[in-house]
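Overview (structure and organization)
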Amino acid sequence: MPTLEVPIEHEEMSAFEAVGRLAEPSSDESRSRLELFDGFIQQAFRTSEFLQIQSRYIQLRGSLTAYSTLSDNWNSYGAEHPSPHTVELTLRLLNTLRHELFLPVRVIPSAEGGVAAYFKADDRVSYLEYRNSGEVILAMYDQDSEPDIRELTENDADESRAIALIREHIRA
Amino acid sequence: MHQDGLPVVDTFDDNEVLYRRYLLAHFVDHELVPQHFQFPRPSFNRSKFSQPVDVLHPDCCDGRVFGSGLGVLECLASDARVSTLSHDNREVALHPKHIPLPTCYAHSELWCIISEDGTELRPSSTVREKFRIKLAKKFSERIPATA
């Protein structure tokens, strides 16, 4: 797991120095120290893939929670709501991917009934869709070529296989 | 527009447009995602007998009134005729069919057919997925959805 590194410029006060000086601040000093720490945090967020992944993970979990409350016909064309099982499977996938620092850009409710984890980099797209019917569909494609479709199962081995294929396709 | 005894019109002009409702959740980076479509026979309104906004009208939504959040997609009927190969190497394609409803004369569907003889086919999971992907690439926003 990567470490969280906060670069410290020589001209700036280090975080440790700033903490040491927090003991008896005036209001101006406290504001400037807060701004300093805010700057550290924002810089860390910008430069840390780990923090960005954590933030996206929280967003994706929030989306999944929202999809678990959908009713039937949520898309106005008669789609079934995603079953709790497909939401659980997608959450399991997200938990695995979070530890690999490789998350989808979105999770998406499917009109076929279910949830898809959707990956995209430039024009390369891949998704793993868990269906209420028990089908598991892996798709990989770009703008021009014929889509590569694999029908998988819900087991751990197929999840690992799907992750490897998605990573290879997206990062090619 | 209600059907009111009007006939089915089988032919679709190449410049005719198909319309369909969509949700913002089905757009990523300004592109429609395949998760938008379901098979068999996804529904559309055809432009020969409707305006884009009609697809949001209760008459074309089983009487339901939808609030904000829905937009309208469009695609040329000729572009929607995407094709692929089935597992036994036959060419299968999507074909627009006019299926009027009593309160929505413009209602149409895309049927999966065997190109050679026009017989309708229930597509396999793989073929269905290829169609979803190919269709998603063809549709664009006509009326943007709101959050």
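As the structure is a computational prediction, the values presented were derived from the model and not from experiment. (Residues numbered from 1 in each chain as written. Chains lettered and ligands numbered in written order. Predicted model: local features only at pLDDT ≥ 70, side-chain atom pairs only at ≥ 80, totals over all residues.)

1. Re the overall build of chain A
The number of helices and strands found in chain A is 5 helices and 5 strands. Scanning chain A from its N terminus toward the C terminus, one meets helices and strands in the order α-α-α-α-β-β-β-β-β-α. (Helix = DSSP H or I, 4+ residues; strand = E, 2+ residues; numbered from the N terminus.)

2. What about the overall build of chain B?
Along chain B, the regular secondary structure elements total 1 helix and 9 strands. What you see in chain B, going N to C, is helices and strands ordered as β-β-β-β-β-β-β-β-α-β. On C-alpha atoms alone, chain B measures out to a radius of gyration of 15 Å, which is about the 15 Å that the 2.2 N^0.38 rule sets for 147 residues. When its C-alpha atoms are laid out on the principal axes, chain B stretches across 45 × 40 × 25 Å. Looking at chain B residue by residue over its 147 residues, the buried ones come to 37%. (Rg over C-alpha atoms; globule rule 2.2 N^0.38 Å. Buried ≥ 20, exposed ≤ 12 C-beta atoms within 10 Å, placed from the backbone.)

3. Details of the pairing of strand β2 (residues 114-121) of chain A
All names here are of chain A. Burial of β2 is extensive: 6 of the 8 residues sit out of reach of the surface. Inspection of the sheet shows strand β1 (residues 106-110) paired to β2 by 5 bridges, in the antiparallel sense. Across the sheet, the residue bridging to V107 is A117, located in β2. Where β1 hands over to β2, the hairpin turn is made up of 3 residues, of which G113 adopts a positive phi near 90 degrees. (Pairing = 2+ DSSP bridges.)

4. Regarding the sheet that holds strand β5 (residues 148-152) of chain A
Residues and elements named next belong to chain A. With respect to topology, 5 strands assemble into an open sheet ordered β1-β2-β3-β4-β5, the strand pairing being antiparallel. Each of the sheet's edge strands pairs with one partner strand only, and the pair in question is β1 and β5. Going across the sheet, the axis of each strand differs from the next one's by a mean of 20 degrees, ignoring polarity. Helix α4 (residues 84-99) contacts β1, β2 and β3 (124-131) of the sheet and is inclined by roughly 30 degrees relative to β2. (Axes fitted to C-alpha atoms, helices over the stretch in contact; angles between N-to-C directions. Contact = placed C-beta atoms within 7 Å.)

5. Observations concerning the domain arrangement of chain A
Along its sequence, chain A is organised into domain 1 (15-47) and domain 2 (49-170). When each unit is reduced to the centre of its C-alpha atoms, the spacing between domain 1 of chain A and domain 2 of chain A is 40 Å. (Domains from an automatic or database assignment.)

6. Some thoughts on the interface of chain B and chain A
The interface of chain B with chain A comprises 20 residues on the first partner and 21 residues on the second. Among the secondary structure elements, those contributing two or more residues to the side of chain B that touches chain A are β1 (17-23) and α1 (125-138) of chain B. For the side of chain B that touches chain A, the element with the most residues is α1 of chain B, which contributes 5 residues. Of the residues contributing to the side of chain B that touches chain A, the split by class is 9 nonpolar, 7 polar and 4 charged. (Nonpolar A, V, L, I, M, F, W, Y, C, P; charged D, E, K, R; others polar.)

7. Considerations on helix α3 (residues 49-67) of chain A
All names here are of chain A. Helix length check: α3, at 19 residues, gives a terminal C-alpha distance of 27 Å against a target of 27 Å (1.5 Å per residue), a fit within 8%. Turning to α3, its buried residues number three or more, namely L60, L64 and Y67. In an axial view of α3, the angular spread of the buried residues amounts to 55 degrees, which keeps them on one side of the axis. In this structure, α3 carries I58, G62, T65 and A66 as exposed residues pointing more than 90 degrees from its buried face. Where the residues of α3 are buried, they touch α4, β1 and β2. (Expected span 1.5 Å × (residues − 1). Arc of directions from axis to C-beta.)

8. Thoughts on the confidence of the model for chain B
On average, residues of chain B score 93 in pLDDT, and 100% of them reach the 70 mark or higher. For this predicted complex, the interface score ipTM comes out at 0.93, while the overall pTM is 0.85. (pLDDT = per-residue confidence, 0-100.)

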